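So you can see what is in the structure, the chains are spelled out below.
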Amino acid sequence: MATIIQDIIIPEKSSECSEWISYFKKLEAKFGAENAKTIWLKTWQVNGSTASCTTRPDFNAFFKKQDIDVTNLATAAVASAADLGGSIMGMGKGLTKVLTYGIPIVATVFIGAILYAIVKVAKNTTASDVAALTPAGRAAAIIK
């Protein structure tokens, strides 16, 4: 059930994107632009962060005009794709999840593997191995 404060219906997670825009307009009319931004952002953080509205170019454009950035890097890419023809059968939503979670997880695993390899090589390397990499070390090995 929707919550109503001073004749303003607060959108819920299942609310349409147009309801979020309408909510902002009513907040702005009642409380002014700066207060509306603060209230709207807090409501979005609690109720709207899982909404698929950020993949809609019209939604993003409206809030960009209000100086509110509801997108992140991943959803901005999806919104651009949606502007060119929309997402096909929910692929945009799946792409957002891949970009939001998949890339950081893969990057973390990749960096971890590199660090593991460095530690493994460092344990098996001696000072003479390192010295052999320098010109002076190679010369010393030849003289021996």
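Summarised in this report is the structure supplied together with it. (Residues numbered from 1 in each chain as written. Predicted model: local features only at pLDDT ≥ 70, side-chain atom pairs only at ≥ 80, totals over all residues. Heavy atoms only, no water.)

All right, on to the state of the cysteines then. A covalent bond between the sulfur atoms of two cysteines is referred to as a disulfide. For the coordinates displayed, the defined rule picks out 1 disulfide. Paired through a disulfide, C17 and C53 show a sulfur-sulfur distance of 2.1 Å. An S-S torsion of about -105° defines the bridge between C17 and C53 as left-handed. Of this pair, C17 sits in helix α1 (residues 17-31) while C53 sits in the loop between α2 (33-48) and α3 (57-65), and the two are 36 residues apart along the sequence. For C17, a relative accessible area of 7% corresponds to the buried category. According to the relative accessible area criterion, C53 is buried, its value standing at 1%. (Disulfide = S-S within 2.5 Å. Helix = DSSP H or I, 4+ residues; strand = E, 2+ residues; numbered from the N terminus. Buried < 20%, exposed > 50% of the residue type's maximum accessible area, 1.4 Å probe, protein only.)

For the rest of this paragraph, the subject is the packing of aromatic side chains. The final tally for this structure, using the stated rule, is 11 aromatic pairs. An angle of 80° between the planes, with centres 5.8 Å apart, marks the rings of W20 and W40 as edge-to-face. With a gap of 20 residues between them, W20 in helix α1 and W40 in helix α2 connect regions that are remote in the sequence. Summarising the burial analysis for this pair, W20 and W40 share the class buried. Arranged with centres 4.9 Å apart and planes meeting at 85°, the rings of W20 and W44 form a pair that is edge-to-face. Pair noted here: W20 is in helix α1 and W44 is in helix α2, with a separation of 24 residues, a long-range link. Across the pair, W44 and W20 agree in class, each one buried. (Phe/Tyr/Trp six-rings, centres within 6.5 Å; stacked < 30°, edge-to-face > 60°.)

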